[in-house]
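The residues making up each chain are set out below.
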Amino acid sequence: MGCAEQPPVVAFHVQAGSRVGMGHLARTSSVIKTLSLLGVETVLHLDADRLGYQEARFRGLSPVETLPELPSVLVIDAVEVDSDLAKQIQQYEMRVLISPVFNHPELASHILVRNNPEWLDANNLPETKVVVDPDYSFATAYGLQISGQDYKTLRVGVCLSGGDDDLDLEQIIDAIARAPLVSEIRLIDRRTPAKSSYHGVTVSHQTPDREPWRYFQHINIFVGGDGVMLSEAVAQGIPALSLTTPALSYKNHALMDGGALRNISRSPFESRKLIRILSDRYVAQRMHESALSLHGVERSDKLAKHIIQIVRGM
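Draft legend 1. View of the pairing of strand E5 (residues 110-113). Side chains of E5 alternate between two faces, with His110 and Leu112 and Ile111 and Val113 buried alike. Taken together, the 2 bridges between strand E4 (residues 94-97) and E5 define a ladder with parallel strand orientation. By the bridge assignment for E5, Leu97 is matched with Ile111. Taken together, the 4 bridges between E5 and strand E6 (residues 129-132) define a ladder with parallel strand orientation. Within E6, the residue paired with Leu112 across the bridge is Val131.

Here it is as structure tokens:
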């Protein structure tokens, strides 16, 4: 860090809320905790609605109203920024992008992502240092517990988003319950299902909170959108099914290539594919073994440690 006695503050600009979900905040919260354990000072600048600020408070975070003065390293975990904020971001010497879905990747001096998004090929970023590391998938897995599973029956956890999701919830639950191996469905969603039982399968429900894995502690397969809970499931040895779109399916290619995750199209909804996977215990067992082989919990600090390397290089 050169001659400076005081190391730079690591500032985070993050988006969260009903529209963009809570995944960016969940990832940043985990990275902040890891950095704090390693003695690095951090501040959080939050672009959020009421739900986003509520989630930040639940996680013990205290957002600041304005970006801190230089010198600082700025870490960006967001979907978009407006032109005024983009100008502020450009003033930082080190601008580290950790979101794979951001509308101004050219603002970054460093890009740290778990997969190679299409815009890395489509944009000319000659001055940007890019690192693609599948281990970044597990940035939110710190403290999770790994457990063995049996697959005589399937106990399915469902959480499509921490925010709002426009996918037909009844259609999803109905398809899952049709699979003959499914014995239980546990749902986290802001919407309440119409019934407590579908095709003889009991459906339990709660609204999103900050400890979803306590509610999901007995599941052995997870159905999500395309956010961070997929990698959290895999880190615990739980197979993951991602209800996603072609435009976003790249986000979890590393988990899919590792055999622990499979993609399901949400539009049109591939109900038959979902039912087929949930009807084969041997598929679930192989995915479970693949998930264990990725050692996600052990790799959860990789992203934070790389950010520290960037700080030390200032």
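Draft legend 2. Layout of the packing of aromatic side chains. The full count for this structure, using the stated rule, is 4 aromatic pairs. Look at Phe216 and Phe222: their rings are 5.9 Å apart centre to centre, the planes differ by 65°, and that puts the pair in the edge-to-face class. Accessibility assignment for this pair places Phe216 and Phe222 in one class, buried. An aromatic cluster is defined as three or more aromatic residues linked by ring pairs; in this entry it consists of Trp213, Tyr215, Phe216 and Phe222. The cationic tip of Arg186 hangs over the ring face of Tyr215; the distance from NZ or CZ to the ring centre is 4.1 Å. The lysine or arginine in question, Lys195, covers the ring of Tyr198, its NZ or CZ lying 4.5 Å from the ring centre.

Draft legend 3. View of unusual backbone geometry. Here the bond from Ser267 into Pro268 is cis, since omega is 0°, no more than 30 degrees from zero. As for its placement among the helices and strands, Pro268 is situated in the loop between strand E13 (261-265) and helix H9 (271-277). Positive phi is not limited to glycine here, since His199 has a value of about 55°. Residue classification places His199 among the partly exposed residues on the basis of a relative accessible area of 46%.

Draft legend 4. How the structure looks around the pattern of salt bridges. In total, this model carries 13 salt bridges according to the counting rule given. Measuring nitrogen to oxygen at the nearest pair gives 3.3 Å for the salt bridge that ties Glu211 to Arg214. Asp226 is paired through a salt bridge with Lys251; the nearest N and O atoms lie 3.5 Å apart. A residue pair is termed long-range when its members are at least 10 positions apart, and Asp226 in the loop between strand E11 (221-224) and helix H7 (228-235) and Lys251 in the loop between strand E12 (240-244) and helix H8 (253-257) qualify at 25 residues. For Lys251, a relative accessible area of 12% corresponds to the buried category. Within this structure, Asp133, Asp135, Arg299 and Lys302 form a network of salt bridges that share partners.

Draft legend 5. Region of the structure containing a nonpolar patch on the surface. The grouping of Leu37, Leu38 and Tyr142 at the surface amounts to a nonpolar patch, some 360 Å² of accessible area in total. Along the chain, Tyr142 falls in the loop between E6 and strand E7 (154-159). Given a relative accessible area of 55%, Tyr142 falls into the exposed group.

Draft legend 6. Broad picture of the sheet that holds E6. Strand order across the open sheet formed by 6 strands is E2-E1-E3-E4-E5-E6, with parallel pairing between neighbours. In the strand order of this sheet, the two ends are held by strand E2 (42-48) and E6, each with one partner. Within the sheet, the average angular offset between the axes of one strand and its neighbour, ignoring direction, is 20°. In this sheet, E4 lies alongside strand E3 (residues 72-77) in parallel orientation, the contact comprising 4 bridges. In the strand pairing of E4, Val75 is matched with Val96. The sheet strands contacting helix H1 (residues 23-37) are strand E1 (9-16), E2 and E3, and the helix crosses E1 at an angle near 160°. Helix H11 (residues 302-312) rests against E1, E3, E4, E5 and E6 of the sheet, and its axis sits at about 170° to E5.

Definitions and cut-offs
- Residues numbered from 1 in each chain as written.
- Predicted model: local features only at pLDDT ≥ 70, side-chain atom pairs only at ≥ 80, totals over all residues.
- Heavy atoms only, no water.
- Buried < 20%, exposed > 50% of the residue type's maximum accessible area, 1.4 Å probe, protein only.
- Helix = DSSP H or I, 4+ residues; strand = E, 2+ residues; numbered from the N terminus.
- Pairing = 2+ DSSP bridges.
- Phe/Tyr/Trp six-rings, centres within 6.5 Å; stacked < 30°, edge-to-face > 60°.
- Lys NZ or Arg CZ within 6 Å of the ring centre and 35° of its normal.
- Salt bridge = Lys/Arg side-chain N within 4 Å of Asp/Glu carboxyl O.
- Patch = residues over 30% accessible without salt bridge, like charges linked within 9 Å, V, L, I, M, F, W, Y side chains within 5 Å.
- Areas by Shrake-Rupley, 256 points an atom, 1.4 Å probe, with all protein chains shown as cover.
- Axes fitted to C-alpha atoms, helices over the stretch in contact; angles between N-to-C directions.
- Contact = heavy atoms within 4.5 Å.

Purely geometric numbers; function is a separate question.
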